[in-house]
Amino acid sequence: MDERYTPERVEEQAQTYWDEHRSFDVREDPSREKFYCLSMFPYPSGKLHIGHVRNYAIGDVISRYQRMRGRNVLQPMGWDAFGLPAENAAITNQVPPALWTRKNIEDMKRQLRRLGFAYDWNREFATCDPDYYRWEQWLFTRLFEQGIAYRRESEVNWDPVDETVLANEQVIDGRGWRSGALVERRRIPQWFLRITDYADELLDELDNIDWPDAVKTMQRNWIGRSVGTEIDFDIADEPDLDPLRVFTTRPDTIYGTTFMAVAADHPLAVKVAKSDDKVAAFIDECRRGGTSEAEIETVDKRGCDLGLRAINPFNGERIPIWVANFVLMGYGTGAIMAVPAHDERDHEFARRYGLPIRQVISPPKGSDEIVDVQSAAWTGKEGIVIDSGGYSGLGFDECFEAMAKWLEENDRGVRRVNYRLHDWGVSRQRYWGCPVPIVHCESCGMVKVPDEQLPVVLPDDVDLSGGGSPLAKLKEFVDTTCPICGGPARRDTDTFDTFMESSWYFARFCCADAHSAKLDERADYWLPVDQYIGGIEHAILHLMYARFYQKLINEAGLSRVREPFSSLLTQGMVVAETFYLEEEGKIRYYAPAEVDVEHDARGRSVSARTRSDGKALSIGPVEKMSKSKNNGVDPEDMVARYGADTVRLYVMETSPPDQMLEWSGSAVAGAARFLRRLWQVVRTHTEQEGSTLLRFEDGAPGIDLGSLDENARFLRCRTHETIAKVSDDVGRRYKFNTACAACRELLNEIATYEARCERTGSDEGSRDIRRAVIQEALEAIVLMLAPVIPHICHVLWQALGHREAVIDAAWPTVDESAIVRDEIDLAVQVNGKLRAQIRVAADADRPTIEAAATHNANVLRFIEGKDVKRVIVVPGKIVNIVV
RNA sequence: GCCGGGAUGGCGGAAUUGGUAGACGCGCCGGACUCAAAAUCCGGUACUGGUAACAGUGUGCGAGUUCGAGUCUCGCUCCCGGCACCA
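Worth saying up front: this structure is predicted, and the values here are computed from it rather than measured.

What follows concerns the pairing of strand β12 (residues 318-324). Looking along a regular strand, one sees side chains alternate from face to face of the sheet. The buried fraction of β12 amounts to 6 of the 7 residues, a majority that puts the element mostly inside the structure. Sheet topology places strand β10 (residues 259-262) next to β12; 3 bridges connect them, and they run parallel. Bridge assignment links M260 to a residue of β12, and that residue is I321. Inspection of the sheet shows strand β11 (residues 303-311) paired to β12 by 7 bridges, in the antiparallel sense. Bridge pairing in β12 places R309 opposite P320. Once β11 ends, the chain turns through 6 residues before running back antiparallel as β12, passing G316 with a positive phi of about 75 degrees.

In this section: the pattern of salt bridges. Tallied over the full model, the rule gives 64 salt bridges. Linking D60 and R648 is a salt bridge whose minimum nitrogen-to-oxygen distance equals 2.7 Å. Separated by 588 residues along the polypeptide, D60 in helix α2 (residues 50-68) and R648 in helix α18 (residues 644-653) bring together distant segments of the chain. Neither residue differs from the other here; D60 and R648 are each classed as buried. For R245, the salt bridge identified is with E230, shortest N-O distance 2.9 Å. A residue pair is termed long-range when its members are at least 10 positions apart, and R245 in strand β9 (residues 244-248) and E230 in strand β8 (residues 226-235) qualify at 15 residues. Connected through shared salt-bridge partners, E201, R547, K551, E555, R562 and E563 make up one network.

Across the junction of L454 and P455, the peptide omega takes the value 0 degrees, indicating a cis bond. Looking at the element boundaries, P455 is found in the loop between β20 (445-448) and α13 (475-478). Cis peptide bonds are those with omega within 30 degrees of zero, and the linkage from L527 to P528 qualifies with 0 degrees. Phi is positive for D173, close to 50 degrees, though the residue is something other than glycine. As for its placement among the helices and strands, D173 is situated in the loop between β5 (171-172) and β6 (175-176). Here the phi dihedral of N630 falls at roughly 55 degrees; this positive angle occurs in a residue that is not glycine. Its location among the elements puts N630 in the loop between β30 (616-624) and α17 (635-642). On the accessibility criterion, N630 (29% relative accessible area) is partly exposed.

With that out of the way, let us pick up the side chain of T257. With respect to the helices and strands, the residue T257 is situated in the loop between β9 and β10. A distance of 2.7 Å separates a polar atom in the side chain of T257 from the backbone oxygen of I254. Look past the residues within four positions of T257 in its chain and what remains in contact with it is I319, M337, A338, V339 and R358.

Turning our attention to empty space enclosed by the protein. All told, the structure shown has 3 cavities of 30 Å³ or more when counted by the stated rule. Considering only enclosed or pocket space, the largest cavity measures out at about 80 Å³ in volume. What lines the largest cavity is simply W18, R64, R67, M68, A786, P787, P790, H794, V806 and I807. Sorting the residues of the lining of the largest cavity by element identifies α2 and α23 (790-799) as the ones contributing at least two each. Top element by residues in the lining of the largest cavity is α2. It accounts for 3 residues. Of the residues in the lining of the largest cavity, the class split is 7 nonpolar, 1 polar and 2 charged. Here the lining of the largest cavity spans two domains, since at least three of its residues come from each of domain 1 (33-127 + 499-571) and domain 5 (665-819).

So, on to the packing of α18 against helix α21 (residues 736-760). Viewed as axis vectors pointing N to C, α18 and α21 meet at an angle of 115 degrees, and their least axial separation amounts to 7 Å. By the angle between their directions, the pair α18 and α21 is classed as roughly perpendicular. Along the contact surface, α18 presents L649, M652 and E653, while α21 presents F736, N737, C740 and R744. In terms of residue class, the contact of α18 with α21 is made up of 4 nonpolar, 1 polar and 2 charged.

Within this model, the second largest pocket holds a volume of roughly 670 Å³. Along its surface, the second largest pocket is lined by 20 residues, and R713, F714, V820, R821 and D822 are the ones closest to its centre. Secondary structure elements with two or more residues in the lining of the second largest pocket: α20 (710-733) and β32 (823-830). With 6 residues, the top contributor of residues to the lining of the second largest pocket is α20. For the lining of the second largest pocket, the per-class residue count stands at 7 nonpolar, 3 polar and 10 charged.

To continue, consider the packing of α18 against helix α19 (residues 665-686). Interhelical geometry of α18 versus α19 gives an angle of 115 degrees and a closest axis separation of 9 Å. Relative to α19, α18 is oriented so that their crossing is right-handed. Between α18 and α19, the residues in contact are D645, T646, L649, Y650 and E653 and A667, V668, A671, A672, F674 and L675, respectively. Partitioning the contact of α18 with α19 into residue classes produces 8 nonpolar, 1 polar and 2 charged.

Close to RNA strand B lie 82 residues, the nearest being R428, R430, A601, R673 and Q837. Backbone atoms, meaning sugar and phosphate, make up 66% of the atoms of RNA strand B lying within 4 Å of the protein. Take N168: an N or O atom from its main chain is 2.5 Å from a sugar or linking oxygen of RNA strand B. One nitrogen or oxygen atom from the main chain of M660 is found 3.4 Å from a phosphate oxygen belonging to RNA strand B. Looking at the surface near RNA strand B residue by residue, the class counts come to 26 nonpolar, 28 polar and 28 charged.

Mapped onto the secondary structure, N737 falls in helix α21. What N737 contacts, discounting residues up to four positions off in sequence, is M652, E653, S655 and P656.

Glancing now at the nonpolar core. Membership of the largest hydrophobic core comes to 182 residues, with the highest contact counts inside it found for Y36, F140, Y505, F506 and W663. Ranked by residues supplied to this core, first place goes to helix α22 (residues 764-785) with 11 residues. Apart from the residues within four sequence positions on either side, F506 is in contact with Y36, L38, L527, V529, A546, Q550, P564 and F565.

Time to look at the sheet that holds strand β34 (residues 870-874). Read from one edge of the open sheet, 4 strands run β33-β32-β35-β34, paired in mixed fashion. On the outer flanks of this sheet lie β33 (833-841) and β34, each paired with one strand and no other. The mean angle between the axes of side-by-side strands here comes to 20 degrees, regardless of whether they run parallel or antiparallel. The sheet contact formed by β34 and strand β35 (residues 878-882) spans 5 bridges and is antiparallel. The partner of V871 across the bridge, within β35, is I881.

Once that is clear, we can look at the sheet that holds strand β24 (residues 531-535). On the basis of which strands lie adjacent, the open sheet formed by 4 strands has the order β2-β1-β24-β25 and parallel pairing. Two strands in the sheet have a free side with no partner beyond their single neighbour: β2 (72-74) and β25 (568-571). If you compare each strand with its neighbour and ignore which way they point, the axes differ by 15 degrees on average. Strand direction decides the pairing type here: strand β1 (residues 34-39) and β24, joined by 3 bridges, are parallel. Paired with C37 across the bridge in β24 is Q531.

Moving on to α18. Counting buried residues in α18 gives 10 out of 10 residues, a clear majority hidden from the surface. Residues A644, D645, T646, V647, R648, L649, Y650, V651, M652 and E653 constitute the buried set of α18.

Here is what the cut-offs are and how they apply
- Residues numbered from 1 in each chain as written.
- Chains lettered and ligands numbered in written order.
- Predicted model: local features only at pLDDT ≥ 70, side-chain atom pairs only at ≥ 80, totals over all residues.
- Heavy atoms only, no water.
- Buried < 20%, exposed > 50% of the residue type's maximum accessible area, 1.4 Å probe, protein only.
- Helix = DSSP H or I, 4+ residues; strand = E, 2+ residues; numbered from the N terminus.
- Pairing = 2+ DSSP bridges.
- Salt bridge = Lys/Arg side-chain N within 4 Å of Asp/Glu carboxyl O.
- Polar contact = N/O pair within 3.5 Å; in protein donor to acceptor, adjacent residues only side chain to side chain.
- Contact = heavy atoms within 4.5 Å.
- 1 Å grid on protein atoms, 1.4 Å probe; cavity = no way out; pocket = protein on both sides within 12 Å on 5 of 7 lines; lining within 4 Å.
- Points joined across faces, edges and corners; volume = space filled by probe spheres on them.
- Nonpolar A, V, L, I, M, F, W, Y, C, P; charged D, E, K, R; others polar.
- Domains from an automatic or database assignment.
- Axes fitted to C-alpha atoms, helices over the stretch in contact; angles between N-to-C directions.
- Parallel < 35°, antiparallel > 145°, perpendicular 65-115°, else oblique.
- Left-handed = near helix turned anticlockwise from the far one by under 90°.
- Near = heavy atom within 4 Å.
- Core = buried A, V, L, I, M, F, W, Y, C linked by side-chain atoms within 4.5 Å.

What follows is the structure, encoded as structure tokens:
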């Protein structure tokens, strides 16, 4: 064992061992319990950032832990390689997207390998490989035949100057990011997948998967199942017009309807606009701005009277019909009955345009709530219907039933379940994506590309400058022949949403080399993913699409599984402090690495200076690592400086995985310090005279457990308590930070034990015991930290006298007999305030505990001369004396 | 705007089922070693008062439930994530 810990040497040694022994190659083995651990694969943006390192360190710790527990672990890695940044880079740097992407993959793969993650690289692929996306095209053609994939018109962000479709992130304050032109919503034909057909299953299955409640709640709300009724309102004096159909979850409030509102692109509004300039102008205005919900929902609620009247089917009342920008064509019927007294958005609109507000629900009997619907909507469902003809006096459920029944009997409406979720639009008017495998023929219409012509390969040489869809401009690509009639035809020039690729990559990892099928039987061995790890930002979209796609895969007979991810861990993002200098109104940010921070005597940061020339800087807030704030930290630099283990330990021990992680340069140095110390402690221990290492193993040179003195028993107790805690933290709680802290404590405990032994002195016999209990504690630490800092543990495990590599070692087990204590400490409170600690026998009964508590000197100061009203004894925890 | 989450010493965080708030670490202070510095090791460190024992205060803000609240309930504030074409 080297005298000093040198991360480069140690890490090269461990990685060489793993490579030579092919430690991470994995095969299906039905005789062993499998564990599929998957971290979300990265977009190859150029360099790994700390967020990636964190994500992959978490996955690696779980994988290595499960392996130590005897599972057959699959941990693969690949590349989410299609996407917008490659096209932007192509335009900026004149590099073809394919080349740029391949170069980035090469760089990032090298960085991942240096970090020592236990991936089976044999299964690696990039989603831009034709061998991958051909199977995406293959399934799409089947979905097209089944009608699950269909084409209809929908809105996109249109930049009228660049004449191109913009992504939502390319629309900034309602303008195109390059041209600066005001963005419009424009309708174009697009491909969709019928995810709404699966809405109920997507909702119900959430109850059966082990995901964070926050994610499940977000998905439930996103699906937005709501039970209501559709109601037809006749339009007064216009016998030629169809009745106006609305959807509402609150038919019980229909007597409070004071206006109707339709979406700007509702057929009724469009029709009126033909003869009404004011309405036409309003509808035109509604088309301004982007398509994102955030943008639409934050615009001022505005509307325009259509001049028509609807007739309330329940009482014949004539109600004005408006067109309003807050009603969306994509939800329900694109029209609503507005009840301002009992709906907040309707209320705001009514107040703005001076429309009447009429209360028809009152709080339940016995409620002292004061309701004034003129000043605010009252939206409670628990009230009683009032002023509503024969329905007055009913509660929500009875009224809903009665009205739904009346509507159905009189053919004026139907019960209806609606979803906020809408079908998945998968078309993109972009180049760097998977081509849609459809051909448009004048005589045969839309025709799927036959299997034998797949994949439809994305051409390499393409002109990305200028507007429009790049593929559409490529004559060689577009012009083809119809697979049915052989006549001239045009290829579809859209590519798929990149969420399509990330919706099934986890399945492909099971059989990445399958040449004749999308998936083979190996997928049934590995799926579902037992543990999925990724950023919380994917809580809704990616995870919903992947769940949906897995159901399609199942129905295509490719997998037995319908839910892809049994358990989910969502990791928080990585943030760092910012430093800046304001000069002539311009703010310049400095990277943390070039800044020295000074502290006062209390430890508070008081000033920051540049390391190079001592210029005074301002200390800014802690923010998400980004280029613009220059607060990013390059993991490669950190690995070069401290080694992979230090970086891994730092990201795992600093905060729990689902919380934000704040980067701190000095705390990283602290992680490095711990590794040096661990190395020294093991080295000092193993290099003591006498090479025989004593252990409490069966058959090993006997150390009689009964001969342990108090100090030795205490260290053994701490060792086994730590094993119990760390097993729970890593295996159940996923609290790696407290697991690492517990291991640090145990290492501190060894030092304390040795100091105690020095004080008491020792003879020959107790020296063996000393070495044995320390050996046991060190082995536990090395085993428990092996998943986090695998390189150093590989070397330390050998130094501790093992021939087997730690990668093949088993997780330590708890010796229950070591952690039995005969005395425990109890806290004593008087009126809820802590006054003393008492030590009692572990099996002491209540009267004994009470007596010990009430006789304690400090407790007596607070209860003397007072009435003891109650004494609460919580076994093993606390005594509270109430006076 | 809507949905979800968060807030605890100077800082990151701990407190697992309502039961001793501040584990572990960073920083800071003091000491040892050294010609000196770095590294390392030892001790201290929520705040206020006190040599100390100890006492008072304290988990974003305001109420409430309880013998007891960081934890539960109600009402706010600020920050973060998502909102369907960023991935």
